Amino acid sequence: MSQGNRVYIFDTTLRDGEQSPGCSMTVGEKLRMAYKLTELGVDTLEAGFPIASDGDFEAVEAVSREFRWVQVAALGRANKLDIERAAKSLQHAQRPRIHTFIATSDIHLKYKFKKSRQQVLEEAASAVQLARQYVDDVEFSAEDATRTDWDYLEEVCHAVVEAGARTVNLPDTVGYSVPYEYGQLINRMVKALGDKAVLSVHCHDDLGLAVANSLAAVEAGARQIECTINGIGERAGNCSLEEVVMAMKIRNDKLPYQTGIVTEHIYECSRLLSSIITFGPQPNKAIVGDNAFAHEAGIHQDGYLKDKSTYEIFDPKLVGVPESKLVLGKHSGRHALKKRCEDLGFELTAEEVNMVYHKFTELADRKKGLTNDEIANLIRTTVERVAPVTAG
Ligand code: KIV
Ligand code: ZN
């Protein structure tokens, strides 16, 4: 399979994301999210884990009926029941993918399964063979791949590809790997499999390295990234879709890869997810956080007002954020205050701006973030001659 520099985005917001605390979604909510994700241009929508609940089964079924042009994936462990259930949930899909997995690390074999490596290898291959009886497109994941013995992992990769897997995913299930090491692992398996399968990565963020690990994997030859909106997912979450995609877009000079993501839809997608689940991203979250394009420090505001490129590496509109914000707080400077006065309809002389600025710093020292009403009030009480040009 010649893959070039196109990187496939496998969205698992509705599966790995949904299975984390506070993130469960009804079928209707999954459909709303799926609609936005298709607008966003993801290549694959993993819509659920059908054996886990009737709701998940219905969600996969509904998403496959509704979004027939998109590839829809259903997850199942490497056993007959799970795979049959996944296959059934996908019966109306035009482009179905069964995603089957089994853990391969000795830690999981010893404590979770009490099975030998040989047993797990055989179960992995049989699961893929069974899944191939239902669909052409089968993905296999070696859960906890990054803590698996590399020679054994390579044997498993060969066995599942031989059994018919088209995509082999090597998850960093517990977010343990570091970029250089993960890159080496992926590089070894890419070389081992050649063009027989697409190598996929699925990174958790326990050490805050999910995006860095995913990018290292792409540089090493992986061509599918599994990720979620706002980085939601088990424990510390998954690789954040918006971060990994924007890193490749903005630093295309160093990361010359393409995705099918229409980045202008990112913010809307993030907002919709936050309105459906019980929380949104933290304010300082890259790309979609409330402060991602907000400037409070005077030096930054002054630079930004002279030329945006001084403190912004891309236009927020590129990800659908309507505009940057100049926040007026205790660190702000005259330049931003003057701009806000103008925006509020007040035309002040330099001296008047100074007077207002003086009062403003006193107030800002006591209060976090000042509203437009408070600024307008400050101007009126400080500069008597000034009448607002428009209603402040
Ligand atoms: O984290 C993980 O290993 C998974 C697999 C099921 C792909 O979510
Ligand atoms: Zn996961």
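Residues numbered from 1 in each chain as written. Chains lettered and ligands numbered in written order. Predicted model: local features only at pLDDT ≥ 70, side-chain atom pairs only at ≥ 80, totals over all residues. Heavy atoms only, no water.

S.K.: Quick rundown of the domain arrangement of the chain? Include the residues and the values.
M.R.: Under the domain assignment, the chain is made up of domain 1 (3–276) and domain 2 (295–382). Computed from C-alpha coordinates alone, the two centres of domain 1 and domain 2 are separated by 44 Å. Across the boundary between the two partners, domain 1 contributes seven residues, which contact eight residues of domain 2. Carbon and sulfur atoms make up 76% of the surface buried where domain 1 meets domain 2, a total of about 600 Å² over both sides. (Domains from an automatic or database assignment. Contact = heavy atoms within 4.5 Å. Buried area = accessible area lost by both parts, 1.4 Å probe.)

S.K.: Mind laying out the site of ligand 1, listing which residues take part and the relevant values?
M.R.: Taken together, Arg 15, Asp 16, His 99, Phe 101, Ser 141, Glu 143, Asn 169, Pro 171, Thr 173, His 202 and His 204 make up all the residues around ligand 1. A distance of 3.0 Å separates an oxygen atom of ligand 1 from a polar atom in the side chain of Arg 15. Residue Asp 16 places a side-chain N or O atom 3.0 Å away from an oxygen atom belonging to ligand 1. Isolated, ligand 1 exposes 260 Å² of accessible area, and the fraction of that covered by the protein chains is 94%. (Near = heavy atom within 4 Å. Polar contact = N/O pair within 3.5 Å; in protein donor to acceptor, adjacent residues only side chain to side chain. Areas by Shrake-Rupley, 256 points an atom, 1.4 Å probe, with all protein chains shown as cover.)

S.K.: Could you give an account of the pairing of strand S8 (residues 224–227), with specific residues and numbers?
M.R.: Side-chain alternation along S8 places Gln 224 and Glu 226 on one buried face and Ile 225 and Cys 227 on a second face that is also buried. Bridge count between strand S1 (residues 8–11) and S8: four bridges; the pairing is parallel. Looking across to S8, one finds that Phe 10 is bridged to Glu 226. Of the strand pairs in this sheet, strand S7 (residues 198–202) and S8 are connected by three bridges, and their pairing is parallel. (Buried < 20%, exposed > 50% of the residue type's maximum accessible area, 1.4 Å probe, protein only. Helix = DSSP H or I, 4+ residues; strand = E, 2+ residues; numbered from the N terminus. Pairing = 2+ DSSP bridges.)

S.K.: Account for the sheet that holds S7, with residues named and values stated.
M.R.: As summarised here, the arrangement of the eight strands in space is S1-S2-S3-S4-S5-S6-S7-S8, forming a closed barrel in which the pairing is parallel. Sheet twist, expressed as the average angle between the axes of neighbouring strands with direction ignored, equals 25°. In terms of strand pairing, strand S2 (residues 44–48) meets strand S3 (residues 71–77) through four bridges, oriented parallel. Residue pairing across strands places Glu 46 opposite Ala 73, the latter belonging to S3. (Axes fitted to C-alpha atoms, helices over the stretch in contact; angles between N-to-C directions.)

S.K.: Please give an account of the environment of Tyr 311 that cites residues and values.
M.R.: By the element assignment, Tyr 311 lies in the loop between helix H12 (298–306) and strand S10 (325–326). On the basis of relative accessible area, Tyr 311 is assigned to the partly exposed category, the value being 35%. The spatial distance from the C-alpha of Tyr 311 to the C-alpha of Gln 301 is 8.4 Å, given a sequence separation of 10 residues. In this structure Tyr 311 touches His 295, Ile 299, His 300, Gly 303 and Tyr 304, once residues within four positions along its chain are discounted.

S.K.: So, unusual backbone geometry: which residues are in play, and what are the values?
M.R.: Phi is positive for Arg 235, which is not a glycine, with a value near 50°. You can see Arg 235 is positioned in the loop between S8 and helix H10 (241–250). Judged by its relative accessible area of 48%, Arg 235 is partly exposed. Located in the positive-phi region is Ile 287, a residue other than glycine, with phi close to 70°. Note on placement: Ile 287 falls in the loop between helix H11 (266–276) and strand S9 (294–295). On the accessibility criterion, Ile 287 (12% relative accessible area) is buried.

S.K.: Give me helix H8 (residues 179–193): which residues, what numbers.
M.R.: Spanning 15 residues, H8 covers 21 Å between terminal C-alpha atoms, matching the ideal 21 Å at 1.5 Å per step. Among all positions in H8, only Tyr 182, Gly 183, Leu 185, Ile 186, Met 189 and Leu 193 are buried. Buried residues of H8 fall within an arc of 165° about the axis and therefore sit on the same side. Residues of H8 that are exposed and point more than 90 degrees away from the buried face comprise Tyr 180 and Lys 191. The inward-facing, buried residues of H8 abut helix H7 (150–163), strand S6 (167–169), S7 and helix H9 (210–219). (Expected span 1.5 Å × (residues − 1). Arc of directions from axis to C-beta.)

S.K.: I'd like to hear about the coordination of the zinc ion (ligand 2), residue by residue, with values.
M.R.: Each donor-metal-donor angle would ideally measure 109.5 degrees in four-coordinate tetrahedral geometry, or 90 or 180 degrees in six-coordinate octahedral geometry. Donor atoms from the polypeptide that coordinate the zinc ion (ligand 2) comprise Asp 16 (OD), His 202 (NE2) and His 204 (NE2), at 2.0 to 2.1 Å from the metal. Donor residues binding the zinc ion (ligand 2) come from one chain and are separated in sequence as D-x185-H-x1-H. On the criterion of sequence distance, the pair formed by Asp 16 in helix H1 (residues 13–17) and His 202 in strand S7 is long-range, its members being 186 residues apart. (Donors = N, O, S within 2.8 Å, 3.2 Å for Na, K, Ca; no water.)

S.K.: Tell me about the packing of helix H14 (residues 350–366) against helix H15 (residues 372–382), and name the residues and values.
M.R.: Across the interface, H14 lies against H15 with an axial gap of 10 Å and an inter-helix angle of 130°. The angle between H14 and H15 falls in the class oblique. H14 and H15 meet at a crossing whose hand is right-handed. Across the interface between the two elements, Met 355, Val 356, Lys 359, Phe 360 and Leu 363 from H14 touch Ile 375, Leu 378, Ile 379 and Thr 382 from H15. Split into classes, the residues belonging to the contact of H14 with H15 amount to seven nonpolar, one polar and one charged. (Parallel < 35°, antiparallel > 145°, perpendicular 65-115°, else oblique. Left-handed = near helix turned anticlockwise from the far one by under 90°. Nonpolar A, V, L, I, M, F, W, Y, C, P; charged D, E, K, R; others polar.)

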